[in-house]
Amino acid sequence: MSVINSTAVIGVIGAGTMGAGIAQVAAKAGHPVLLYDAFDGAAQRGLEGVAKGLSKLVQRGKMQQSDVDALLSRITVTDSLDSFAPARVVIEVIVERLDIKQSVFAQLEEICADDTILATNTSSISVTTIASKLKRPHNLVGMHFFNPAPIMKLVEVISGLDTDKDVANAIYDLSASWGKSPVRAKSTPGFIVNRVARPFYAEGLRVLQEGAADEASIDAIVREAGGFRMGPFELMDLIGHDVNFAVTSSVFAAFFNDQRFLPSLIQQELVSAGHLGRKSGKGFYDYSEQAETPTIKTAAPAPAPQNVTIEGCLGVAEPLVALIEAAGIKVSRIREGSGAILIGDTTLQLTNGQMTTYRADIARNSNLIQFDLALDYAKATRIALAPADQASPAAILKAIGLFQAIGKKVTVIDDVAGMVLMRTVAMLANEGYDAVNQQVCSESDVDVAMKGGVNYPFGPIEWAKSVGLVRIMNVLDNLAKSYGEDRYRTSPLIRRKVAGGKS
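Counting restarts for each chain, with residues numbered from 1 along the sequence as it is written. Only residues with pLDDT of 70 or above have their local features reported here, since the model is predicted, and side-chain atom pairs are shown and tallied only from 80 upward, although totals for entire chains, interfaces and linings are computed over all residues. In computing side-chain values, all of the structure's heavy atoms are included and hydrogens and water are not.

Some details on the sheet that holds strand 3 (residues 75–78)
(1) Moving on: In this scheme, strands are said to pair when DSSP sees at least two bridges between them. Helix and strand assignments follow DSSP, with helices taken as H or I runs no shorter than four residues and strands as E runs no shorter than two, numbered in order from the N terminus. Strand order in this open sheet of eight strands is 3-2-1-4-5-6-7-8, and the pairing throughout is mixed. A single partner strand is all that each edge strand has here, and the edge strands are strand 3 and strand 8 (181–186). Averaged over all neighbouring strand pairs, the angle between strand axes comes to 25°, with direction disregarded.
(2) Moving on: Here four bridges tie strand 1 (residues 10–13) to strand 2 (residues 33–36), and the two strands are oriented parallel to one another. Looking at the pairing, Gly-11 lines up with Leu-34 of strand 2.
(3) Moving on: The contact criterion used is simple: two residues touch if any of their non-hydrogen atoms lie within 4.5 Å. In this analysis an axis means a line fitted to C-alpha atoms, helices contributing only their contacting stretch, and an angle means the value between N-to-C directions, from 0 to 180 degrees. Across the face of the sheet, helix 1 (residues 17–28) comes into contact with strand 1, strand 2, strand 3, strand 4 (89–92) and strand 6 (140–145) while running at roughly 170° to strand 2.

Okay, structure coming up:
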């Protein structure tokens, strides 16, 4: 398969926001682009939308008008698929219906050259299945962009069972030449992003369902401790619950009802009620003009301790020690121990995936309080605490006072296994490793995909490594024991790496 240079004609079928955006990307790279839509006037409107967006860049000094004019001149609106005959690559960006996609590609096979690459932007339909009705299935490949296409860097290059390796490589190289960050994946449900991202929503929904915290507080923990741009409930409201629930349901069904992808009854109720999020004016949050700003549960000021004892190594939470010392609190250390912060009779430990109440009972330590994971303890502005049911009010105040003294807002949640951020990160990493274990993609592609496709602050696999795979495995195992559900089974690849000393 020869290199697809910038003089090659690119065809785009579907001129909605995504299709028009892809046409813009290809034209910016220098390609002559053919833009088609089956609805009368839609392709012209798509081109006008591109022009409008580019004019704003000119106004902000991001582009020169001459460059905009040159880009737009390379996009030709067409009203017939027959005009796609000279296209080297044709990218389909139409409705997510298998029969329609197969019909369009079958027509293109009659119109285009035998070696024309046919690419589908599908996010949910099997590339193998789409190709199954074609005369030349080896020419079909997935080329999954993320919205908005001109901005988002990720492109998932999806190989179906019959996709020619050279075809996939050509699209990978083409994506890179367009300034994108392509990743390779096998055609399986959800590909990389829509598969690995499911726990981001699912674990927040589970914590909410169990009453451990409200939506606004969970979102705040995920943002302010985890470094995510949006919490799960904000993001689901933005995506639309009809869309998000449909994707989860599709992945769940495609994996033969694997409990790891089980949809949420809470979200199903929102969809049934028509509370679809921002687009309907109401979802987890109320978007009406008279709506009150959601209240984040933040602890009232508590006195700072004068001294603490660090028992053993805190692992990923070790940066807390320097923060405590910088706050003027006297720190003494005991070399031995399982990793804890002692304030008199109060013990603080990073969550290990167990309920604090259970962990306190096993340890015969009633004043145990677990704290949640943070992406960067030095930079995090909020921390979550989960006291054991046995813990005294005085013990809880000591824990709150310590974290407030080092500049953190504190959210005290009800006791729930794995808390908020730890269980979310552990499950994201688990799903990432399982995709690798099932030969869907590489470890690096998981991290590139999740950072480039959904703006995660850290790739799930590199995050798990920074926390420590032994700890991640223990968290998952403890979640599985707490719930007794197959949902939290640990990926065999994590166990293998821990056993092989690669943790």
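With respect to the environment of Gly-179
(1) Moving on: In this fold, Gly-179 is placed in the loop between helix 6 (165–177) and strand 8.
(2) Moving on: Only protein chains enter the area calculation, which uses a 1.4 Å probe; residues under 20% of their type maximum are buried, those over 50% are exposed, and those in between are partly exposed. Using a relative accessible area of 35% as the deciding quantity, one classes Gly-179 as partly exposed.
(3) Moving on: Separated by 10 residues in the primary sequence, Gly-179 and Pro-189 have C-alpha atoms spaced 26 Å apart.

Remarks on the sheet that holds strand 10 (residues 330–334)
(1) Moving on: Ordered in space as 10-9-11-12-13-14-15, the seven strands form an open sheet in which the pairing is mixed. Each edge of the open sheet carries a strand with a single partner, namely strand 10 and strand 15 (409–412). Pairwise comparison of adjacent strand axes, ignoring direction, gives a mean angle of 30° for this sheet.
(2) Moving on: Bridge count between strand 12 (residues 346–350) and strand 13 (residues 368–371): four bridges; the pairing is parallel. Paired with Leu-350 across the strands is Phe-371, a residue of strand 13.
(3) Moving on: Of the strands in this sheet, strand 9 (307–311), strand 10, strand 11 (340–343) and strand 13 are in contact with helix 13 (residues 319–326), which crosses strand 10 at around 145°.

A few points about the packing of helix 18 (residues 460–467) against helix 19 (residues 469–483)
(1) Moving on: Here helix 18 crosses helix 19 at 100°, and the two axes come no closer than 6 Å. When the axes of helix 18 and helix 19 are compared, the pair comes out roughly perpendicular. On the side of helix 18, the interface is formed by Ala-464, Lys-465 and Val-467, while helix 19 contributes Leu-469, Arg-471 and Ile-472.
(2) Moving on: Ten residue types, Ala, Val, Leu, Ile, Met, Phe, Trp, Tyr, Cys and Pro, are classed as nonpolar, four, Asp, Glu, Lys and Arg, as charged, and the remainder, Gly among them, as polar. Within the contact of helix 18 with helix 19, the residues separate by chemical class into four nonpolar, no polar and two charged. To sort the angles, those under 35 degrees are grouped as roughly parallel, those over 145 as roughly antiparallel, those from 65 to 115 as roughly perpendicular, and the leftovers as oblique.

Digging into the environment of Leu-428
(1) Moving on: Checked against the element boundaries, Leu-428 lands in helix 16 (residues 421–437).
(2) Moving on: Through-space distance from the C-alpha of Leu-428 to that of Ala-197 is 6.7 Å; in sequence the pair is 231 residues apart.

A look at the pairing of strand 11
(1) Moving on: Across the two faces of strand 11 the burial is the same, with Ala-340 and Leu-342 and Ile-341 and Ile-343 all buried.
(2) Moving on: Here strand 9 pairs with strand 11 via three bridges, running antiparallel. Residue Thr-309 lies in a different strand from strand 11, and its bridge partner there is Leu-342.
(3) Moving on: Summarising the sheet, strand 11 and strand 12 pair through three bridges and their orientation is antiparallel. Among the inter-strand pairings, Ile-343 is bridged to a residue of strand 12, identified as Thr-346.
(4) Moving on: Between strand 11 and strand 12, which pair antiparallel and follow one another directly, the connecting turn spans two residues, one of which, Gly-344, has a positive phi of 60°.

Re the packing of helix 8 (residues 198–209) against helix 16
For any two helices packed against each other, one specifies the inter-axial angle together with the distance between the axes.
(1) Moving on: At a minimum axis separation of 9 Å, helix 8 and helix 16 run at an interaxial angle of 145°. Classified by chirality, the crossing of helix 16 by helix 8 is right-handed. Together, Pro-199, Phe-200, Glu-203, Arg-206 and Val-207 of helix 8 and Arg-423, Thr-424, Met-427, Leu-428 and Glu-431 of helix 16 make up the contact between the two elements.
(2) Moving on: The residue inventory of the contact of helix 8 with helix 16, partitioned by class, reads five nonpolar, one polar and four charged. We call a crossing left-handed when the near helix sits turned anticlockwise from the far one by less than a right angle, and right-handed when that turn is clockwise.

Comments concerning unusual backbone geometry
(1) Moving on: In this chain, Asn-147 is followed by Pro-148 through a cis amide linkage whose omega measures -5°.
(2) Moving on: Its location among the elements puts Pro-148 in the loop between strand 6 and strand 7 (154–159).
(3) Moving on: Non-glycine residue Arg-364 carries a positive phi angle of around 55°.
(4) Moving on: The topology assignment puts Arg-364 in the loop between helix 14 (356–363) and strand 13.
(5) Moving on: Looking at Arg-364, the relative accessible area reads 70%, which means it is exposed.
(6) Moving on: Positive phi, normally seen in glycine, also occurs at Met-419, with a value near 55°.

Section: the pattern of salt bridges
(1) Moving on: We define a salt bridge as a side-chain nitrogen of Lys or Arg found within 4 Å of a carboxyl oxygen belonging to Asp or Glu. This model, assessed by the stated rule, comprises 25 salt bridges.
(2) Moving on: Put simply, Glu-203 and Arg-487 hold a salt bridge, and the shortest N to O gap is 3.2 Å. Here the residue Glu-203 occupies a position in helix 8, and Arg-487 occupies one in the loop between helix 19 and helix 20 (492–499), the gap between them amounting to 284 residues.
(3) Moving on: Of the residues examined, Arg-487 reaches a relative accessible area of 4% and is grouped as buried.
(4) Moving on: A salt bridge links Lys-497 to Glu-443, with the nearest nitrogen and oxygen atoms 3.1 Å apart. One end of the pair, Lys-497, is in helix 20; the other, Glu-443, is in helix 17 (residues 443–454), with 54 residues separating them in the sequence. In this pair, the class of Lys-497 matches that of Glu-443, namely buried.
(5) Moving on: Residues joined by salt bridges that share partners form a network here, namely Arg-195, Arg-260, Glu-431 and Asp-434.

A short note on helix 14
(1) Moving on: Taken residue by residue, helix 14 has Thr-356, Thr-357, Arg-359 and Ala-360 as its buried positions. End-on view of helix 14: buried residues confined to an arc of 165°, all on one side of the axis.
(2) Moving on: Buried-residue contacts for helix 14 involve strand 12, strand 13 and strand 14 (382–387). The arc refers to the directions leading from the helix axis to the C-beta atoms.

Topic: the nonpolar core
(1) Moving on: The biggest cluster of nonpolar side chains holds 119 residues, and the ones touching the most others in it are Leu-108, Ile-341, Phe-371 and Tyr-377.
(2) Moving on: With 10 residues, helix 16 is the largest single contributor of residues to this core.
(3) Moving on: Apart from residues no more than four positions distant in its own chain, Phe-371 is found in contact with Ala-317, Leu-320, Ile-341, Leu-348, Gln-349, Leu-350, Thr-351, Tyr-377, Ala-384, Leu-385, Phe-403 and Met-419.
(4) Moving on: Counting residues in each nonpolar core, the second largest holds 40 residues, with Val-12, Val-89, Val-93 and Trp-178 among its members. Here, the term nonpolar core denotes a set of buried Ala, Val, Leu, Ile, Met, Phe, Trp, Tyr and Cys residues that are joined through side-chain atoms within 4.5 Å.

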